Amino acid sequence: MFGFGARNIGIDLGTANTIVFSEGKGIVLREPSVVAKNTKTDEIVSVGSEARAMIGRTPASIVAIRPMKDGVIADYDTTVSMMKYYIDKSLEPHSGRPDVMVCVPSGVTEVEKRAVIDATKVAGAKDAYVIEEPFAAAIGAGLPVMDPTGSMVVDIGGGTTDVATISLGGIVSSRSIRMAGDKLDEAITAYVRQHYNLLIGERTAEQLKIDVASASVEAAKELDSQSVRGRDLISGLPQTVEIKPEDVAKAIQEVVQAIITAIKETLEETSPEIAADVIDHGIVLTGGGAQLRHLPEVISEATKVPVFVASEPLDCVAIGTGESLKNIDVMKK
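Calculation criteria
Residues numbered from 1 in each chain as written. Predicted model: local features only at pLDDT ≥ 70, side-chain atom pairs only at ≥ 80, totals over all residues. Heavy atoms only, no water. UniProt positions renumbered as here; feature names shortened; annotations may be inferred. Axes fitted to C-alpha atoms, helices over the stretch in contact; angles between N-to-C directions. Helix = DSSP H or I, 4+ residues; strand = E, 2+ residues; numbered from the N terminus. Parallel < 35°, antiparallel > 145°, perpendicular 65-115°, else oblique. Left-handed = near helix turned anticlockwise from the far one by under 90°. Contact = heavy atoms within 4.5 Å. Nonpolar A, V, L, I, M, F, W, Y, C, P; charged D, E, K, R; others polar. 1 Å grid on protein atoms, 1.4 Å probe; cavity = no way out; pocket = protein on both sides within 12 Å on 5 of 7 lines; lining within 4 Å. Points joined across faces, edges and corners; volume = space filled by probe spheres on them. Salt bridge = Lys/Arg side-chain N within 4 Å of Asp/Glu carboxyl O. Buried < 20%, exposed > 50% of the residue type's maximum accessible area, 1.4 Å probe, protein only. Pairing = 2+ DSSP bridges. Core = buried A, V, L, I, M, F, W, Y, C linked by side-chain atoms within 4.5 Å. Domains from an automatic or database assignment. Polar contact = N/O pair within 3.5 Å; in protein donor to acceptor, adjacent residues only side chain to side chain.

Per an unreviewed UniProt entry, the chain is named Cell shape-determining protein MreB, and its organism is Ligilactobacillus araffinosus DSM 20653. Check the Function (unreviewed entry) section of the UniProt entry for the chain; it says "Forms membrane-associated dynamic filaments that are essential for cell shape determination. Acts by regulating cell wall synthesis and cell elongation, and thus cell shape. A feedback loop between cell geometry and MreB localization may maintain elongated cell shape by targeting cell wall growth to regions of negative cell wall curvature." For the record of the chain, the UniProt heading Subunit (unreviewed entry) holds the text "Forms polymers."

1. Overview of the packing of helix 9 (residues 253-268) against helix 11 (residues 295-303)
Axis separation between helix 9 and helix 11 bottoms out at 10 Å; the angle between their running directions is 45°. Classified by the angle between their axes, helix 9 and helix 11 sit oblique to one another. You can see that helix 9 and helix 11 cross each other, and the crossing is right-handed. Mapping the contact onto sequence places Val256, Ile260, Ile263, Lys264 and Leu267 in helix 9 and Leu295, Val298, Ile299, Ala302 and Thr303 in helix 11. When the residues that make up the contact of helix 9 with helix 11 are grouped by side-chain class, the tally is eight nonpolar, one polar and one charged.

2. Examining the layout of surface pockets
Reported here for the largest pocket is a volume of approximately 910 Å³. Lining the largest pocket are 41 residues, and of these Ala16, Asn17, Glu206, Gly288 and Leu314 lie nearest its centre. Counting residues per element, the lining of the largest pocket draws most heavily on helix 6 (residues 202-212), which supplies five residues. A per-class count over the lining of the largest pocket returns 13 nonpolar, 14 polar and 14 charged.

3. A look at the pattern of salt bridges
This model, assessed by the stated rule, comprises 18 salt bridges. With a shortest N-O distance of 3.8 Å, glutamate 110 and lysine 113 are connected by a salt bridge. One end of the pair, glutamate 110, and the other, lysine 113, are both in helix 3 (residues 110-122), three residues apart, so they sit about a helical turn from each other. Here lysine 113 falls in the buried class, since its relative accessible area comes to 19%. Here lysine 250 and aspartate 247 are joined by a salt bridge, their closest N and O atoms 3.8 Å apart. Of this pair, lysine 250 and aspartate 247 both sit in helix 8 (residues 245-251), separated by three residues, roughly a single helical turn. Lysine 250 gets classed as partly exposed once you look at its relative accessible area, which sits at 43%. Overall, aspartate 247 belongs to the buried group, its relative accessible area being 11%.

4. Some thoughts on the sheet that holds strand 1 (residues 9-13)
An order of 3-2-1-9-10 is seen for the five strands of this open sheet, with the pairing classed as mixed. Unpaired on one side and paired on the other, strand 3 (26-32) and strand 10 (127-132) mark the two borders of the sheet. Going across the sheet, the axis of each strand differs from the next one's by a mean of 20°, ignoring polarity. The pairing of strand 1 with strand 2 (residues 17-22) spans five bridges and is antiparallel. By the bridge assignment, isoleucine 11 is partnered in strand 2 with valine 20. Running at roughly 145° to strand 3, helix 2 (residues 76-90) makes contact with strand 1, strand 2, strand 3 and strand 9 (99-104) of the sheet. Set on the sheet, helix 3 makes contact with strand 9 and strand 10; between it and strand 10 the angle comes to about 145°.

5. Let's talk about the sheet that holds strand 16 (residues 238-243)
The strands making up a sheet associate through hydrogen bonds between their backbones, and the pairing can be parallel or antiparallel. The antiparallel open sheet is built from three strands, whose spatial order is 14-15-16. Strands with a single pairing partner mark the edges of an open sheet, and in this sheet they are strand 14 (198-199) and strand 16. Of the strand pairs in this sheet, strand 15 (residues 226-232) and strand 16 are connected by six bridges, and their pairing is antiparallel. Each residue of the ladder has a partner; that of valine 228, found in strand 16, is valine 241.

6. What to know about the nonpolar core
The biggest cluster of nonpolar side chains holds 39 residues, and the ones touching the most others in it are Ile263 and Ile283. The two domains that each donate at least three residues to this core are domain 2 (149-179 + 255-310) and domain 3 (181-251). Tyr86, Val108, Val116 and Ile117 belong to the second-largest nonpolar core, a separate cluster that totals 27 residues.

7. Some thoughts on the UniProt feature "binding site: ATP" (unreviewed entry) in the chain
Following the UniProt record, one finds the feature "binding site: ATP" (unreviewed entry) at Thr15, Ala16, Asn17, Gly158, Gly159, Thr160, Glu206, Gln207, Leu208 and Lys209. Set against the largest pocket, the annotated residues named above that line it are Thr15, Ala16, Asn17, Gly158, Gly159, Thr160, Glu206 and Lys209. Looking at where threonine 15 falls in the secondary structure, it is placed in the loop between strand 1 and strand 2. Only 2.8 Å separates the side chain of threonine 15 from the backbone nitrogen of glycine 71, close enough to count as a polar contact.

Below is the structure:
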């Protein structure tokens, strides 16, 4: 069978979700970065949404794994299987092997970059390239990355928060911290366990974050309480508890403050000219964490700089990764 020219694809290979952008088509796939595996046979049972539905609900022989940890590959073979599944799913039949652009956090080592490139090639790419996450996010958010003007982007993903100032097609100063969506979930789980004697699962914590979490404890007081089910630590029995939104806000304060510190440190390293541009244009938030209630106001108050959320925060990195495929010839050099 003769293959037609494959459309090149860009992959936002996230700790929590994988989003695939196909050249000329836009975003073609959005799935959780989860793989369910049979521990006895080592065979992949399911990938993506189906596998995510199994988290915390599998028999002993099946485990639901998130092969990406803190934005980098934690389980190489499982990541390859997951990427192969997503690349195949994104391509038209008999379309040949595509060139693939994958994004990585700004702080990764050369070894971690190499692992991503190798995994992508093994998964079926003709050639693979990496782009730094905040740079891809800035392109996807429509910032003037190639102009001689400074922009600042904060990409809050599942595993990492990447902060960067960008000018003339490059990153001027950046920070990558392992404080992001997953840490918010962990903080909520720990707080509910400690203050409510209730053990809740990963997915319940995430749902609490989506439903009532706020970056501001004061603002959270105006939100309604949320019923949460879990296991009572004293009786060991299932229990439903009303959780106050201000408690959820208190639970995540440490993570919010860590993100603000990373933003301040990045600004401190920046030249006065770029700092002035950032004050003029503001800081742009992207990634799933950008949707946390009252986060722009809290960051703005701490930095004295205007803060905005990008129009499609979840998709910015994937769109930017895909857009950068147009300059793939530059990447090849």
